[in-house]
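Read off the chains here:
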Amino acid sequence: MEIRCKCGDTCIKPISTAIKDIELFYKPCNDCKTEKIKKFSPLAEQINLDEIDNNFGSCKCGKRHLDAVISHVLKIMMDEGIKDKKANLRNACVPLVTPGYPTNSILYLPKDSLVILSNKVDKKCAEIIVKEVKEVKGVLKGDVRKTVGIKDSDSNPHVYELLAGCDLRCDIIQTPYGILGIYKYQHEIHIEFPKLKPPKIEILKNALEAYDKPTVLDCTCGPGTLGITCLKAGARKVVFNDIWSPAIETTLINLEVNGFPVKLSGSEEKLVASGDKFEVYNMDIRKLANCLDEKFDICIIDTFPDVDTAEFVESAGKLGKEVVVILK
C-alpha cells in the first residue's frame, strides 16, 4: 500500500528511519541555552515580549528549549488577543511533541517537532504560529479533556479542528518485542503520551505469554498499537477492528511503516485490508461476529476511560476464548 501524508509532505517514514538516533533527538548540544522561565508566573512579568522571536533561546544547532518555544507561541497569542498579559506557560497550550518519545530529560526541539492544542486559538493566530515558530508544524483547536474519536455506534464522534499546518505525530512505543512507531493525525485520534513501560503493553504481554503463537482479535484497535505488538510477538493471526474509520486508516499506515505490508480489499465495508497473518475490519464489534467464523485465543478490549465495557466484553466473548480488557 502506498502511503503519503495528507499534507502532501514526506511526514510518514519507515519506523527504522524515525527511530534512528532517537535518544539524541531532543538532547541539547553543549551550546544550547537553558531557559529559566517560571511556568506559573505571567510571562510578560519575566521577559520583554518584544525580544521574543525565532532567535529567542535559539542555538546554532537548530534546537530551542521547549519553554522558549512555548514562550514564542504565547507571545503571538497575546499579540493576537487570544491570551491576556497575565498568561503563563502553564495555560498557554498543550504541547504535543513528535516523535513522542518517553524521556525524563528537558526537551530541546528541532524544526517541525511540535503540534500544539488550544481551546482558544483561532485560524489567523494558528497560521501566524505555524509561519513564525519554526518548531511548530501544526495547530489544533480543541479541549484536551474531551477524547477524540467515537465511543460506540450509538455515540456522536468528537474531533479537534486542524487550523493550520499538519498534525501528524509519531509516538515511539517500547515493547518487549521491539520498538513500534505509531502515527496519528491528532485531530481525529485520541492523545496518549508514551511511557517507558506502557501499562497496556504490560497487560498484553501477560496475556500473550500464556499461548504459543495465539490468534488475536483487537476489537477496538484504534491506531493499531496492540494488534501490531501481537504481530511482533509472533501471533499466528491478528484481526484488527474499529468502528472509527480514521482509526482504521491510521492502522493501515502503522502496519506498513512497522514492516507489515498491506493489501487493500477495495471494499469500504467489512474486510478493509489484509496481509500476511492479519486482516483489518471497520465495524461495530457487535456485528463483527456475523463476518468471522473463527474462535480467537485472545480478544482485546481497549476503550476510552469512561466507557462501560460490558457490552464489548459480551460481544468479544462470542469470538474469543479469553477476553482481555485493557485498564487505563
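Residues numbered from 1 in each chain as written. Predicted model: local features only at pLDDT ≥ 70, side-chain atom pairs only at ≥ 80, totals over all residues. Heavy atoms only, no water.

Caption draft 1: View of the overall build of the protein. Across its full length, the protein carries 8 helices and 15 strands. Reported as C-alpha extents along the three principal axes, the dimensions of the protein are approximately 65 × 40 × 35 Å. Looking at the protein residue by residue over its 328 residues, the buried ones come to 52%. Residue pairs at least 24 apart in sequence account for 64% of intrachain contacts in the protein once pairs closer than 6 positions are excluded. Surface exposure of the protein reaches about 15,700 Å², of which carbon and sulfur atoms provide 48%. Across the protein, the centroid of the 47 positively charged side chains sits 4 Å from that of the 48 negatively charged ones. (Helix = DSSP H or I, 4+ residues; strand = E, 2+ residues; numbered from the N terminus. Buried < 20%, exposed > 50% of the residue type's maximum accessible area, 1.4 Å probe, protein only. Contact = heavy atoms within 4.5 Å. Areas by Shrake-Rupley, 256 points an atom, 1.4 Å probe, with all protein chains shown as cover. Lys, Arg positive; Asp, Glu negative; His and termini not counted. Charge placed at Lys NZ, Arg CZ, Asp CG, Glu CD.)

Caption draft 2: The sheet that holds strand E13 (residues 278-281), seen in detail. Spatially, E11-E12-E13-E10-E9-E14-E15 is the arrangement adopted by the 7 strands of the open sheet, whose pairing is mixed. Single-partner strands in this sheet number two, and they are strand E11 (263-264) and strand E15 (320-325). As paired strands, strand E10 (residues 237-241) and E13 are joined by 4 bridges and run parallel to one another. Residue pairing for E13: Val239 is matched across the bridge by Glu279. Against the sheet, helix H4 (residues 199-208) makes contact with strand E9 (215-218), strand E14 (296-301) and E15, and its axis sits at roughly 160° relative to E15, the strand it touches most. Contacts from helix H8 (residues 310-317) reach E14 and E15 within the one sheet, and its direction differs from that of E15 by about 155°. (Pairing = 2+ DSSP bridges. Axes fitted to C-alpha atoms, helices over the stretch in contact; angles between N-to-C directions.)

Caption draft 3: Just the side chain of Asn258, in detail. Mapping Asn258 onto the fold places it in the loop between helix H6 (245-257) and E11. Only 2.8 Å separates the side chain of Asn258 from the backbone oxygen of Gly181, close enough to count as a polar contact. (Polar contact = N/O pair within 3.5 Å; in protein donor to acceptor, adjacent residues only side chain to side chain.)

Caption draft 4: Molecular detail of the packing of aromatic side chains. Counted according to the given criterion, the structure contains 2 aromatic pairs. Here Phe240 and Phe278 contribute two aromatic rings whose centre-to-centre distance is 6.3 Å and whose plane-to-plane angle is 90°, an arrangement assigned as edge-to-face. Here Phe240 is found in strand E10, whereas its partner Phe278 is found in strand E13, with 38 residues between them in sequence. Residue class for Phe240 comes out buried when judged on its relative accessible area of 0%. Directly above the ring of Tyr185 sits Lys6, whose terminal nitrogen or CZ lies 4.4 Å from the centroid. (Phe/Tyr/Trp six-rings, centres within 6.5 Å; stacked < 30°, edge-to-face > 60°. Lys NZ or Arg CZ within 6 Å of the ring centre and 35° of its normal.)

Caption draft 5: Structural view of the packing of H4 against helix H5 (residues 225-232). Direction vectors running N to C along H4 and H5 enclose 40°, while the axes themselves pass 11 Å from each other. By the angle between their axes, H4 is oblique relative to H5. For H4 against H5, the interelement crossing comes out right-handed. Contacts from Lys200, Ile201, Leu204 and Leu208 of H4 reach H5 at Thr225, Leu226, Thr229 and Cys230. (Parallel < 35°, antiparallel > 145°, perpendicular 65-115°, else oblique. Left-handed = near helix turned anticlockwise from the far one by under 90°.)

Spatial relationships are all this shows, so hold off on functional conclusions.
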